[in-house]
Amino acid sequence: MKYSYNWLKELSDTKLSPEKAAELLTMHSFEIEGLEKNNASLDGVVVGEILEITKHPNADKLQIATVETRHASSRLQIVCGAPNIAVGQKVPVAVVGTKLSGGEIKEAEIRGVKSFGMLCAEDELGLGESHAGILILDKKAKVGEPVAKYLGGADDSVLEIKVLPDRAHDILSHVGVARELSVLEKKKFSYAFNELILPTKKSQKLKVEIKDKDLCKRYVGVVMENITIKESPRWLKDRLEICGLRPINNVVDATNYVMLELGQPLHAFDMEKVSSQGTRNKEQETNKLQNSKFKAQIIVRRAKNNEMLTLLDDSKIKLNESNLLITNGDDALALAGIMGGKDSGISENTKTIVLEAASFDAVNIRRTRTVLGLNTDSSYRFEKDLDPNLTEKAMVRVIDILEHIAGGKIEGIADIYPKKISPWTVRLDLEYANQLLGENVPLKELVSILNLLGIHTKYQIPASPAGRQNTKYSAIACTIPTYRLDLRTQEDLIEDIGRIWGYEKIVPRPMIAEVLPAKLNEQVFFERIIQDKLTGLGFDEMYNYSFYGADDLKKTGFSESEHLELANPMNPDQQFVRAKMTVNILKNVRENLKNFSCISIFEIGKRYMLKNGEPAEERNLILAKVLEKDSNSETFYNLKGTTEDLLEAFNIKNTQFLEIEKSSTILNPGRSAKIVVGGKAVGFVGEVSQMVCANYKISKHLAIAEINLEVLRDVAKNTLEYQPINKFPVVSRDISMIVPKDIKYAQIETLVKKTGGELVNNILLFDRFEAKNSMAIRIEMSAKDRTLESAEIDAVMEKIIPRLKNDLSVEVRK
Amino acid sequence: MLKSKIEEIKKQVLEEIEKVKNSDALFDLEKKYLGRKSEFVGFLKNLKNLAPEERKQIGELANKTKLEILDIINGKKADLSKTGPSAEKEKIDVTIPGNKKGVGHLNPISIVRRDIEDIFTGMGFEIADGPEIETEFYNFDALNMPKDHPAREMQETFWLKNKKGKENLAMRTQTSAVQAKYMEKHKPPLRIIVPGKCFRRDGSDATHDNTFYQFEALIVGENINVGHLKQVAEDFFSQFFGQEIKVRLRPSYFPFTEPSFEFDISCTVCGGTGCKACKYNKCLELGGAGMVNQNVFEAVGYKRNAYTGFAWGFGLERLAMMKYKIDDCRLFHSGDLRFIRQF
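Predicted model only: the values in this text are computed from it and were never measured. Residues take numbers from 1 onward in each chain, read along the sequence in its written order. Numbering of ligands from 1 and lettering of chains from A proceed in the order in which they are written. At least 70 in pLDDT is required for a residue's local features to be given in this predicted model, at least 80 for side-chain atom pairs to be given and counted, and no such filter applies to totals for whole chains, interfaces and linings, which use all residues. As a rule here, side-chain values come from all non-hydrogen atoms in the structure, and water together with hydrogens is ignored.

Details of the confidence of the model for chain B
Scored between 0 and 100, pLDDT is the confidence that the predictor attaches to each residue. Overall, the prediction assigns chain B a mean pLDDT of 88, with 98% of residues at 70 or greater. Secondary structure elements are taken from DSSP: a helix is a run of H or I of four residues or more, a strand is a run of E of two residues or more, and numbering for both begins at the N terminus. Here helix H5 (residues 85-90) of chain B stands out as the least confident element of chain B, with mean pLDDT 70; helix H12 (residues 337-340) of chain B is the most confident, with 96.

Here's what the structure looks like:
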């Protein structure tokens, strides 16, 4: 909210400069979002005196003024089109170089006559909409001084405060901030807040009834007669404008003024509209009124389902039972606490008004305005709860102002206040206060802070005689004024004591605690190893959003039903919550291919799924690889190699890569494999199908692999044991062969191992020519206790070769 | 006689070796003087015919000289390999780039996260984590923010269409959601940090993104106070930035802490004298902190006022941006290798 610093000064009597006050408030109260000199845009506009006026030789409607400003070395010659100027007047002069909203003032030649500046009208200074003539200043204005000094809001500063929800009820008002300033200056608050007491004169014309006491805690209605609707005086308009409100007429402006001063939204109805004019339900309700002495009535009730109301801003809204209305018994006059109705508002012919100062249930206002999408100065305050006692103060103030500026006379008051709110008491344990802050706030200062805040304090002595020997007082009973709704617990009080006393006085202190080792988060450190291995293998780390869009589902063929969905996405690209790690990594590849020809990337993160209808999360690793030169299946084998390297780094030996029966929609089914360790599925590696690549405009072979990190951590939990190094030589024999198309390398390896027995340590595929189905393997053999004789080796080979031929129809080449 | 002959041979070797220009000539020279059929080896073979006294004397000299000649030849060999024509043949352009395998790069968030985790692990903190999709209860209610609490507006929330039973689900807006869960399972004293991914439905610009990383710290025990918060924070930030950092607390409001603070640190560029980096504020804003609200303790089943504690939540991106002078937080999630490969 924006605050006029002059207004705050007036209310608090502070002598501080705006900058100093802003600094104090920042350190002890709340965040200041801005501090600006009002009318800063008028820099360069000075007071000038018109010395001479002559006719323009070439234009009937123009005049040439000679003006003294004391700014230029000589008097200024200025061409002016306004008819209202006269010699001797003091006027605002924008000298050459001044920047106004219309642009920079430059030396100009107007119809052959030179002009060195501009005489300004109201609109040109951003003060109003009038362009009727040059703004004529007070005769006492001093020539050469900044014109801002002589305009409304002169020398004022605008303070913008970030008001947080806990203090909205008192700080969204000038009185609240002024009170805060007084506390910080250790001064008694001078504003006569407590003396704002309603007169007791009961209205003879207005009856108020609250049907729903839960939603309306108090309703003060006042009838004011003899009102003249007109423009507000300058001082009032200035204050509203500084705070960002648009002046309308004296009655509306007065209610807004009091809202800015005290924080209580007010509303004014035309009395005639409050006297029932409606047609519906006339029999029932109006009759009731006719029997009584009252001329008008206000009934606060819930709306009926589908009841309609046209608001002040001309919007028509359809209501239901959860919305609260101000009615005249028949027709809705206003949407309670949010906005007035169009028909019941003040018009220029209004003579008698009904003023409303009420207190509504914050939750209900919040819900209604959220559902209806409305946000007004009034709802902004009501939805954060307000002190019902504030209604009275605000009513007194607005009556006072209207008596002065609208000639109004109060007829009488109708105040319905079913459950009066009184000050409450919070017990503040002194030892606890100091213990929580970590410093001993001197008792005298502590009590003084509380008292300045308007809190009534009463010492309590320790219950036990022993306690009384240690301290004089153990606690303070604090009676909280109702305008501080937020002070409910002793911690709330300790916060106010701490911040006003000064957090900067609290000295850092080392904690004293038992020395205990922190429990290690195994997953975190496991993932660090993965990151380190992968960066070692040349992979760069991606961080992706946890969302993607419907378009991605279309492109990848993943189904919507596997996904959790946001109810309120920011844009369609982020509608679904990531169930597949692959989607965003595809986009990473697409984007980076614009700058790079080979890509090795990975991401560690969560995927989110539905498991038995409930959300579940799983930590995963995704890898993607594009090679610079990517002939045929090379990319797949390259990334497969990386996954093998990674698994081996965790001493995992029994890894299998199995064909996938039902492959993912994005993979090429002939080029993808499930990774299985000890019977557990760990993940997959595969080539992304050409169609999906094309959907993402990826024109190269792309291999991806995904590994479930929770499963991997589980299978990686093996204990490492040193194996003695074999002292005897390793002998190797090569077999070159032609392999039938349907035989897999894994079958050959298994057979060789099984047939060769203990002596075979290792089998390597060292050559392969895919087109001719030829493979060459090297079999490494050794024994742990002797050097193998060549006869032994031959015997093994003679067992293997026939089995290859017979079992797998492999043709072994000599 | 023999003695002078041996010395003569050494002299000849020294003279001839000067003329040797390549390894072939050196090989010939070595063969001539030390080869099996050389004059010198002949002497050694005939030593046995000498008188014992003379044999000892000449034998020693001959052996010593043989070793000296060998040294000379080896020295020449070394010289030749440095300057010889074969060295010339093998000479390469060493400025041609090597065959790099290329080391990968961590995202700067990971780097900063590790720094934080390591410092806090050193201070005896456990690293905790929780789900990124939270129930409304743990993300809000348990943190003293019931439905319709105005403070909920401080955190624009991504809600899910899906529900857990009857409970509403949200992408967690803060790592504080882990607080309640952890405390339900553990009794004080406790010290945890919670680094993790958070989500807010905010418009994105250079300093805001709808996905971000927070790290939460939570200490609960008996007699934990504001002074402790200041000390732990100063220790951490001083270590993190490698320079002395002072902490400044300003009043603020969060439903889950009371008192609550805005948390500033002395400017890492000027150290608190005022400069362009801190816009002459002498301090840099970092995030929110406070003493845990007793309502939060009650919500997890601790007795009211039995414990005190502090908590904070800072953005990891902000720290990374300060550390590496990154000016746009959207870069972290851009996936742009031109960015990642700088770290």
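So, the packing of helix H12 (residues 430-437) of chain A against helix H15 (residues 490-501) of chain A
Residues and elements named next belong to chain A. Lines fitted to C-alpha atoms define the axes, with helix axes restricted to the stretch in contact, and inter-axis angles between N-to-C directions lie between 0 and 180 degrees. The geometry of H12 relative to H15 is characterised by a closest axis approach of 10 Å and an angle of 60 degrees between their N-to-C directions. As the angle between them shows, H12 and H15 are arranged oblique. Relative to H15, the crossing made by H12 is right-handed. Contact with H12, carried on its side by Tyr432, Ala433, Leu436 and Leu437, involves Gln490, Glu491, Ile494 and Gly498 of H15 and no other residues of that element. Throughout this description, any angle smaller than 35 degrees is read as roughly parallel, any larger than 145 degrees as roughly antiparallel, any in the 65 to 115 degree range as roughly perpendicular, and the remainder as oblique. Each crossing gets its handedness from the near helix: less than a right angle anticlockwise from the far helix is left-handed, clockwise is right-handed. Throughout, a residue-residue contact means that at least one pair of heavy atoms, one from each residue, lies within 4.5 Å.

Side note on the interface of chain B and chain A
Listed as interface residues are 86 residues of chain B and, on the opposing side, 82 residues of chain A. Accessible area that two parts lose when put together, with a 1.4 Å probe and added across both, is what the buried area reports. Looking at the side of chain B facing chain A, the largest losses of area belong to B:Asp148, B:Pro251 and B:Glu258, adding up to 9% of the total buried there. The rule for a salt bridge is simple: a side-chain nitrogen of Lys or Arg has to be within 4 Å of a carboxyl oxygen of Asp or Glu. For the interface between chain B and chain A, the tally reads seven salt bridges. Side-chain atoms alone can form a polar contact between residues adjacent in sequence; in general such a contact is a pair of N or O atoms within 3.5 Å, and within protein one must be able to donate a hydrogen while the other accepts it. Between the two partners, chain B and chain A, sit 42 residue pairs in polar contact (both at pLDDT 80 or more). Classifying every residue of the side of chain B that touches chain A by side-chain character gives 31 nonpolar, 27 polar and 28 charged. All amino acids are sorted into three groups, where Ala, Val, Leu, Ile, Met, Phe, Trp, Tyr, Cys and Pro are nonpolar, Asp, Glu, Lys and Arg are charged, and the leftover types, Gly among them, are polar.

Comments concerning the domain arrangement of chain A
Here chain A is partitioned into domain 1 (2-39 + 156-191), domain 2 (40-150), domain 3 (206-416), domain 4 (424-505), domain 5 (522-715) and domain 6 (731-813). An automatic or database domain assignment provides the domain bounds reported here. Between the C-alpha centres of domain 4 of chain A and domain 6 of chain A there is a distance of 87 Å.

Overview of the nonpolar core
Among the nonpolar cores identified, the biggest contains 169 residues, and B:Phe237 and B:Phe263 are the most heavily contacted of them. In terms of residue count, the dominant contributor to this core is helix H11 (residues 390-405) of chain A (nine residues). Setting aside residues up to four positions removed in sequence, B:Phe263 forms contacts with B:Leu229, B:Ala233, B:Phe237, B:Val247, B:Arg248, B:Leu249, B:Leu284, B:Glu285, B:Leu286, B:Gly287, B:Ala289 and B:Phe314. Grouped together as the second largest cluster of nonpolar side chains are 36 residues, A:Tyr219, A:Met271, A:Ala336 and A:Leu374 included. Only buried residues count toward a nonpolar core. Its members are Ala, Val, Leu, Ile, Met, Phe, Trp, Tyr and Cys residues joined through side-chain atoms within 4.5 Å. Relative accessibility decides the category of a residue: with a 1.4 Å probe and only protein chains considered, values under 20% of the type maximum give buried, values over 50% give exposed, and everything between is partly exposed.

Describing the sheet that holds strand S6 (residues 211-221) of chain B
Residue and element names in this part refer to chain B. Any two strands between which DSSP finds at least two bridges are classified as paired. As summarised here, the arrangement of the seven strands in space is S1-S5-S6-S10-S9-S8-S7, forming an open sheet in which the pairing is mixed. Strands at the two margins of the open sheet, each flanked by one partner only, are strand S1 (126-127) and strand S7 (247-254). Helix H6 (residues 108-122) rests against S1, strand S5 (190-199), S6 and strand S10 (308-315) of the sheet, and its axis sits at about 170 degrees to S5.

Side note on the state of the cysteines
In plain terms, two cysteine sulfur atoms within 2.5 Å form what is called a disulfide here. Per the stated rule, a full pass over the model turns up zero disulfides over all chains. In this structure B:Cys329 is a free cysteine whose sulfur lies 14 Å from that of B:Cys198, the closest cysteine sulfur available.

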